[in-house]
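Listed below, chain by chain, are the residues.
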Amino acid sequence: MLELKDVSVIFNQGTQLEKVALHDMSCKIQDGDFITLLGSNGAGKSTLFNVISGSVEVSQGSVYMDGIDITNEKEHVRAKNIGRLFQNPEHGTAKHLTVEENLALAYSARKRGLFSLAVHKEDREYFKEKLRTLDMGLEDRLKTPIGLLSGGQRQAVALMMAVLNPPKILLLDEHTAALDPKSAKKILRITNELIEKEHITALMITHNINDALVNGNRLFIMNDGTLIQDFETERKKQLKPADILNYYEV
Ligand SMILES: Nc1ncnc2c1ncn2[C@@H]1O[C@H](COP(=O)(O)OP(=O)(O)OP(=O)(O)O)[C@@H](O)[C@H]1O
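Residues numbered from 1 in each chain as written. Predicted model: local features only at pLDDT ≥ 70, side-chain atom pairs only at ≥ 80, totals over all residues. Heavy atoms only, no water.

Some words on the nonpolar core
Grouped together as the largest cluster of nonpolar side chains are 36 residues, with contacts concentrated most on Val99, Leu103, Phe127, Leu131, Val157 and Leu170. For this core, the elements supplying multiple residues, two or more each, are helix 3 (99-112), helix 4 (121-132), helix 5 (151-163), strand 7 (169-173), helix 6 (181-198) and strand 8 (201-205). No other element matches helix 5, which puts eight residues into this core. Both domains that meet at this core, namely domain 1 (1-80 + 166-249) and domain 2 (93-165), each give it at least three residues. In this view, Leu103 contacts Phe127, Leu131, Leu142, Val157, Met160, Met161 and Leu164; residues no more than four positions away in its chain are not counted. Listed in part, the 26 residues of the second largest apolar core include Leu2, Leu4, Cys27 and Met222. (Core = buried A, V, L, I, M, F, W, Y, C linked by side-chain atoms within 4.5 Å. Buried < 20%, exposed > 50% of the residue type's maximum accessible area, 1.4 Å probe, protein only. Helix = DSSP H or I, 4+ residues; strand = E, 2+ residues; numbered from the N terminus. Domains from an automatic or database assignment. Contact = heavy atoms within 4.5 Å.)

A look at helix 4
Here helix 4 is twelve residues long and its end C-alpha atoms lie 17 Å apart, about the 16 Å a rise of 1.5 Å per residue gives. Among the residues of helix 4, Asp123, Phe127, Lys130 and Leu131 are the ones counted as buried. Projected down its long axis, helix 4 carries its buried residues within an arc of 95°, all on one side. Residues of helix 4 that are exposed and point over 90 degrees away from its buried face: Lys121 and Glu122. (Expected span 1.5 Å × (residues − 1). Arc of directions from axis to C-beta.)

Structural notes on the packing of aromatic side chains
Per the stated rule, a full pass over the model turns up four aromatic pairs. Judged by centre distance (5.2 Å) and plane angle (35°), the ring pair of Tyr107 and Tyr126 falls under tilted. Here the residue Tyr107 occupies a position in helix 3, and Tyr126 occupies one in helix 4, the gap between them amounting to 19 residues. One aromatic cluster is present, built from ring pairs that chain together Tyr107, Tyr126 and Phe127. (Phe/Tyr/Trp six-rings, centres within 6.5 Å; stacked < 30°, edge-to-face > 60°.)

Pasting the structure below:
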């Protein structure tokens with residue numbers, strides 16, 4: 001379980017540029033939750049992800065994972081338990097490296113705690129088997145530099161990299177927003193399958209209200225650095241897109 005207790009993030013504190021990006025935020029994320037996250041631009045969604053991944057220091061409050069205080073744990077240490085995907089598939093994959101080298105980097109980092117490009121024979125078979133489940137023919141592209149793949153194919157590999165040795169928490173930061181509608185749908189379907197199969201706890205930021213409603217078991221709505229709504233399973237099921245629009249400032 002992941003818990004945030006009274007977490008505030010204040011950028012440029014004490015200067016004219018001071019910005020409270022998260023304001024006294026508290027929430028409990030249970031194992032197996034798949035939370036979709038909506039909110040207007042600047043609401044603090046990515047900052048929340050940065051707090052969870054450890055790439056931004058909290059100004060106040062605490063973060064706990066499985067009851068252990070990880071507030072001061074460094075990002076690279078947390079990376080063993082936390083996978084993250086970004087809007088741009090280029091973020092998180094190395095374009096000059098082949099598909100299998102990218103997978104090897106991610107695999108060695110989480111499995112052995114070090115970065116290695118070496119692809120062991122048994123690892124190659126494992127990567128092939130995993131890529132086959134995507135049903136995109138990527139198992140035959142292991143030796144292709146990843147920069148030559150389409151955005152959708154590259155995001156599918158990035159997703160696989162994030163869930164090799166399944167992390168406890170998967171952070172999806174608008175990971176389908178840069179893809180064409182068909183690829184976006186496919187990546188979202190694969191995301192759901194992987195989350196379910198590997199029992200991963202996930203949070204997904206999206207600006208697509210429909211995606212936020214049909215995916216996941218819980219919905220967070222943020223505004224101005226605050227969590228203003230937390231819809232649990234049954235309440236979420238009853239929501240219509242028009243209900244959501246009321247939470248956006250006009
Ligand atoms: N490193 C930083 N330095 C200063 N201000 C920042 C920094 N990172 C974020 N902010 C500010 O904090 C606020 C929250 O930003 P954040 O990126 O978390 O919002 P968001 O909800 O993810 O927005 P979007 O939907 O546009 O991606 C914004 O006003 C943003 O400008």
